[in-house]
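Summary of structural features
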Amino acid sequence: MENIDINQLLSIAVFGAAVGLILIGLYAVLIKKHLIKIVIGLSIIDAGIHLLFIAIGYINNGTSPIFSEKGISLVNEGVKMVDPVPQALVLTAIVIGFGVTAVALSLVIRLYRHHQTARIDQIKTLKW
Amino acid sequence: MKKVLVLLLLVVVGYSLYVPLSQIEFGTDRMGSIENPTTVGAYYLSKTPSELSVANVITAIVVNYRGFDTLGEVSVLFLAATGIGSILYRRRKEGEHSETISKPSSQLLQAGAKLIYPAILVLGAYVFIHGHLTPGGGFQGGAIIATGFLLMMMSYKDFHMNHTVLTWVESLAGITFVGVGIGGLIVGTTFLENFMPVGTLNDLFSGGIIPIIYVAVGFKVAAELAGVLDTLLSIKEN
């Protein structure tokens, strides 16, 4: 009974943190006026999604999916490993996130050079 | 007004994320047993030690089972590095006077950087050579090596990467990756098929083509990240 309670608390904490990060990042992207802050918001969304993936793949008392001599015998004894697929996907997503951030930052630098400001409310030609 | 709208949107997004996630129980086993796999994750866990004899299942997935995906990922990274170069390219005007934004670093940083720079490179190489045995791999090791270059760039203003060398390393690593893949096509039946002897589990020389590809990825990522950092740090303000 106590075990289930802790599990529910963990579930709320981890999924809540992931969704919270996504929402904070979305807020920064939509509200903030400074382009660097918008790029930081994109990175925060990234982090939230990665946390969500890893949390969905987690298994209680699961070990990391890396075998060793001892690990194989442990698996035969019924010790579980966490799902490796979300971790592999997150590895890909981190690299792509790096590429997105780097290109976005270089675009910000380009805009700053052209307009002498990185605040989108001061770039007049963007008005519509 | 705009803030209210955005908060409303955030509530909607948060609720629509909360409803499906509340049905997932955190930490329950949805994978099925390893002996009798029902999901793709359990299948990978059951096949990796016997088929590929690679200790790190994530490496086996990234490099072998989803190797084509990783080839695409490496190309995306390459495109990002090239894109940054072309976005930030600016032709110098005749007699244009420019000075760097960065201030000279302190004596302490310079001496310390010289001391730990080789250690960082060795650590990065260790991480990508042992990518199939321990946590880590080509991407992580490449990122570690790039941090070593970043440390040197920040401590010594005249430390610059040679872009010709970087391009060569990057191209050779990419050719190795694709060449190993085509080797699988020639020797076996499919692109990126594991055509080399897999050895025994937990040996340094095990896993067939997986260590070769991951070392190539390590070199490629290190060269690309170092190129990106060098491009971004050598921006001059006029």
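Residues numbered from 1 in each chain as written. Chains lettered and ligands numbered in written order. Predicted model: local features only at pLDDT ≥ 70, side-chain atom pairs only at ≥ 80, totals over all residues.

Side note on the overall build of chain B
The number of helices and strands found in chain B is 8 helices and 2 strands. Helices (α) and strands (β) of chain B occur, in sequence order from the N terminus, as α-α-α-α-β-α-α-α-α-β. The C-alpha atoms of chain B give 23 Å as radius of gyration, which overshoots the globular expectation for 238 residues (18 Å, by more than 25%). With the C-alpha coordinates of chain B rotated into their principal frame, the extents come out at 70 × 60 × 35 Å. Of all 238 residues assigned to chain B, the portion counted as buried reaches 33%. Intrachain contacts of chain B at a sequence separation of at least 6 include 66% that bridge at least 24 residues. (Helix = DSSP H or I, 4+ residues; strand = E, 2+ residues; numbered from the N terminus. Rg over C-alpha atoms; globule rule 2.2 N^0.38 Å. Buried ≥ 20, exposed ≤ 12 C-beta atoms within 10 Å, placed from the backbone. Contact = placed C-beta atoms within 7 Å.)

As for the overall build of chain A
Along its length, chain A carries 4 helices and 0 strands. Helices and strands appear in chain A in the N-to-C order α-α-α-α. A burial count over chain A gives 24% of its 128 residues as buried. Sequence-distant contacts in chain A: of pairs separated by 6 or more residues, those separated by 24 or more amount to 57%.

Some points on the nonpolar core
Ranked by size, the top nonpolar core spans 55 residues in total, and within it A60, I61, I210, I213, V217 and A222 of chain B carry the most contacts. Mapped onto this core, the elements with two or more residues apiece are α4 (84–115) of chain A together with α2 (40–52), α3 (57–65), α4 (67–87), α5 (107–129), α6 (138–155), α7 (163–187) and α8 (210–233) of chain B. The leading source of residues in this core is α8 of chain B, at 12 residues. Not counting the four nearest positions on each side in its chain, V217 of chain B is found in contact with V74, G138, F139 and F177 of chain B. The next biggest cluster of nonpolar side chains, apart from the first, holds 7 residues, and it includes F15, I22, L23 and L26 of chain A. (Core = buried A, V, L, I, M, F, W, Y, C linked by C-beta atoms within 7 Å.)

Regarding α8 of chain B
For α8 of chain B, built from 24 residues, the straight-helix expectation of 34 Å at 1.5 Å per residue is met to within 8% by its first-to-last C-alpha distance of 34 Å. Burial runs high along α8 of chain B: 19 of the 24 residues are buried. (Expected span 1.5 Å × (residues − 1).)

Quick notes on α4 of chain A
For α4 of chain A, which comprises 32 residues, the first-to-last C-alpha distance of 46 Å matches the rise-based estimate of 46 Å (1.5 Å per residue) to within 8%. Immediately beyond the C-terminal end of α4 of chain A, within one or two residues, lies Q116 of chain A, with a positive phi of roughly 60 degrees.

Considerations on the packing of α4 of chain A against α4 of chain B
Here α4 of chain A crosses α4 of chain B at 10 degrees, and the two axes come no closer than 9 Å. As judged from the angle between their axes, α4 of chain A and α4 of chain B are roughly parallel. For the element pair α4 of chain A and α4 of chain B, the recorded crossing hand is left-handed. For the pair α4 of chain A and α4 of chain B, contact is made by T92, V95, I96, G99, A102, V103, S106, L107 and R110 of chain A and by D69, E73, V76, L77, A80, G83, I84 and I87 of chain B, respectively. For the contact of α4 of chain A with α4 of chain B, a count of residues per class yields 10 nonpolar, 4 polar and 3 charged. (Axes fitted to C-alpha atoms, helices over the stretch in contact; angles between N-to-C directions. Parallel < 35°, antiparallel > 145°, perpendicular 65-115°, else oblique. Left-handed = near helix turned anticlockwise from the far one by under 90°. Nonpolar A, V, L, I, M, F, W, Y, C, P; charged D, E, K, R; others polar.)

Structural notes on the packing of α4 of chain B against α8 of chain B
Residue and element names in this part refer to chain B. Their axes nearest at 9 Å, the elements α4 and α8 cross at an angle of 20 degrees. It follows from the interaxial angle that α4 and α8 lie roughly parallel. Remark: the crossing between α4 and α8 carries left-handed chirality. Contacts from V74, L77, F78, A81, I84 and G85 of α4 reach α8 at V217, K220, V221, E224, G227, V228 and T231.

Describing unusual backbone geometry
Unlike most non-glycine residues, Q116 of chain A shows phi in positive territory, near 60 degrees. For Q116 of chain A, the location among the structural elements is in the segment after α4.

Considerations on the confidence of the model for chain A
For chain A, per-residue confidence averages 86 on the pLDDT scale, and residues scoring 70 or more make up 87% of the total. When pLDDT is averaged over each element of chain A, helix α2 (residues 35–57) of chain A comes out on top at 94 and helix α3 (residues 69–76) of chain A at the bottom at 60. (pLDDT = per-residue confidence, 0-100.)

Points about the confidence of the model for chain B
All names here are of chain B. Averaged over every residue, the pLDDT of chain B is 86; the share at 70 or more is 93%. Considering each helix and strand of chain B separately, the mean pLDDT is smallest for strand β1 (residues 99–100), with a value of 54, and largest for α5, with 93. This complex was scored by the predictor with a pTM of 0.87 and an ipTM of 0.85.

Remarks on the environment of V198 of chain B
Residue and element names in this part refer to chain B. Note that V198 resides in the loop between α7 and α8. Linking V198 and G208, residues 10 residues apart in sequence, is a C-alpha distance of 4.5 Å. Ignoring anything within four residues of it in the chain, the contact list for V198 reads L52, S53, S206, G207 and G208.

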